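Spelled out, the chains give:
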Amino acid sequence: MRQRAKFGSRFAAIMAMAGSAVGLGNIWRFPYMVGEHGGAAFIIVYVLCCLTVSLPIFFSESLIGKTTRKDTYGAMEQIAPGGKLKPVGFMAILAAFVIVCFYSVVGGWSFNYLIRSLAGSFNGLDMASAREVFASVGSSPVESVSCMLVFLGMTALIVVAGVDKGIGRFSKISMPVLLVMMLLIAFVSLSLPGAGKGVEYLLKPDWSRLDGPAIASALGQSFFSLSLGVGCILTYASYMKEEESVLTAGVWTAVFDTAFALIAGFAIMPAVFAAGIEPAAGPTLVFETLPVIFSKMGVVLPVIFFLAILIAALSSSISMFEVAVAWLVDQKQMRRVTAVLSVFGAAVVLGCACAVAPSVFRACDFVSSNVFMMIGALAFALIVGWKLPREEVLRHLRFPFIYAVIRYVAPVMIVAIAISNLL
Ligand code: TRP
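Below or above, wherever it landed, is the structure these notes cover. In this text the structure is predicted, and so the values were computed from the model without any measurement.

Quick look at the site of the ligand now. Surrounding the ligand, one finds 16 residues, the nearest of these being Gly 23, Leu 24, Gly 25, Ser 227 and Ser 316. Breaking the shell around the ligand down by element, the ones donating at least two residues are α1 (10–21), α2 (24–36), α10 (212–225) and α14 (300–331).

To continue, consider the nonpolar core. Core analysis: the largest hydrophobic core is formed by 158 residues, its most contacted members being Ala 13, Ala 96, Ala 324, Val 325 and Ala 377. With 21 residues, α14 is the largest single contributor of residues to this core. If near-sequence neighbours (up to four positions away) are discounted, Ala 96 is found in contact with Val 230, Gly 231, Cys 232, Met 320, Val 323 and Ala 324.

Interhelical geometry of helix α7 (residues 141–160) versus helix α15 (residues 336–356) gives an angle of 160 degrees and a closest axis separation of 10 Å. Here α7 lies roughly antiparallel to α15, going by the angle between them. The handedness of the crossing between α7 and α15 is right-handed. Contacts between α7 and α15 involve Pro 141, Ser 144, Val 145, Met 148, Leu 149, Leu 152, Ala 156, Val 159 and Val 160 from the former and Arg 336, Val 337, Val 340, Phe 344, Ala 347, Val 348, Gly 351, Cys 352, Ala 355 and Val 356 from the latter. Tallied by class, the residues present in the contact of α7 with α15 amount to 16 nonpolar, two polar and one charged.

The contact between helix α3 (residues 40–68) and helix α18 (residues 400–422) brings their axes to 9 Å, and the two run at 115 degrees. Taken as axis vectors, α3 and α18 run roughly perpendicular relative to one another. Handedness of the crossing formed by α3 with α18: left-handed. Residues Thr 52, Val 53, Pro 56, Ile 57, Phe 59 and Ser 60 of α3 touch α18, and the partners they reach there are Ile 402, Val 405, Ile 406, Val 409, Ala 410 and Met 413. Here the residues of the contact of α3 with α18 sort into 10 nonpolar, two polar and no charged.

Bringing the environment of Ile 167 into the picture now. Of note, Ile 167 is situated in helix α8 (residues 163–190). Ile 167 sits in the buried class, given 28 other C-beta atoms within 10 Å. Sequence spacing of Ile 167 and Ala 218 is 51 residues, and the spatial spacing of their C-alpha atoms is 29 Å.

Rules and cut-offs
- Residues numbered from 1 in each chain as written.
- Predicted model: local features only at pLDDT ≥ 70, side-chain atom pairs only at ≥ 80, totals over all residues.
- Near = placed C-beta within 6 Å.
- Helix = DSSP H or I, 4+ residues; strand = E, 2+ residues; numbered from the N terminus.
- Core = buried A, V, L, I, M, F, W, Y, C linked by C-beta atoms within 7 Å.
- Buried ≥ 20, exposed ≤ 12 C-beta atoms within 10 Å, placed from the backbone.
- Contact = placed C-beta atoms within 7 Å.
- Axes fitted to C-alpha atoms, helices over the stretch in contact; angles between N-to-C directions.
- Parallel < 35°, antiparallel > 145°, perpendicular 65-115°, else oblique.
- Left-handed = near helix turned anticlockwise from the far one by under 90°.
- Nonpolar A, V, L, I, M, F, W, Y, C, P; charged D, E, K, R; others polar.

Shown next, in the form of structure tokens:
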């Protein structure tokens, strides 16, 4: 039998998981959410959500991967030999695939903006022309499709190089570099005159804004940010070495992810306020507001910023791509190259549809994050809480209170967020 792939070291495994977690969610959603939902008050709630719900789900998902040493589908089959859980495995793989397709469109925009900033074309950009540039990038089929293909191609190249030599090595190098780049931008941003207002926006606690929807957003965001529910973490954990602990990996990933989200906040919001612009969220923030602001600070800063976004997006997309590749390699006995080419071929089709039709893009985003991810996360928590033998779970998770949270608290909370997101 072929030897199953493994990460070469604990550092590689943790950086790969952190890479999956750190992505567009940290850069374009978190900073805005914090400001809108009560600053430090929201940060405290976000951290509590991570500790009490998302992290226990992360532990559950990684425990399933680590103990079965299978891809997402194979793991489900092994846990329930009658095949009752097969649909869950299949759905998670499909969800990861769907996410990578629309994520690649945004990854393509980042690549496009990196090239534009390298060419110095943001010099002296004002808000009106920034809007025009983004509208033309998003609506030109040739530009969207070709950049999406470049991004998807880069993802496939890293994955085809192998679990340790591709994903592990890329993550070990890119995560520390990414951290340094974001710290540098935060430093520049915080030293601008008027930056204090941005700090205030992020930190001033306002408990009155912390209502039900704010708490649901905090939970939903921590789910998306930790890449839960679609098998990314399960698959990566299945490549961990025997002696390594899922607790350590989970805690480090959550710490890195949260720290990165906060640093991104300090890199972005002080600069936005210093320029006297209203903060926004999502694509508008990254592709309209920020190019205008960073273009005033020379040619190097925009390059660093868009390179950082590209790296953050790539380290996430490889984790989703690997979910389907692992399935083809483990279950269909394909060679890695063939598996990567097959996933790439299928992703090109859906990716092109997402790149040219905003309605397809939105539908993919909605279904995967509000439906598939929630079902997957619920299933993983229920499997570990109610199906796997208690002794085995406790051997990995050590603390009985984590087990209790997985059994009772996590499932209730997942159903609550799913309902509030769909309303
Ligand atoms: N966590 C990543 C981000 O913050 C995105 C991501 C990667 C993801 N894998 C995932 C989201 C799986 C949901 C499910 O951008």
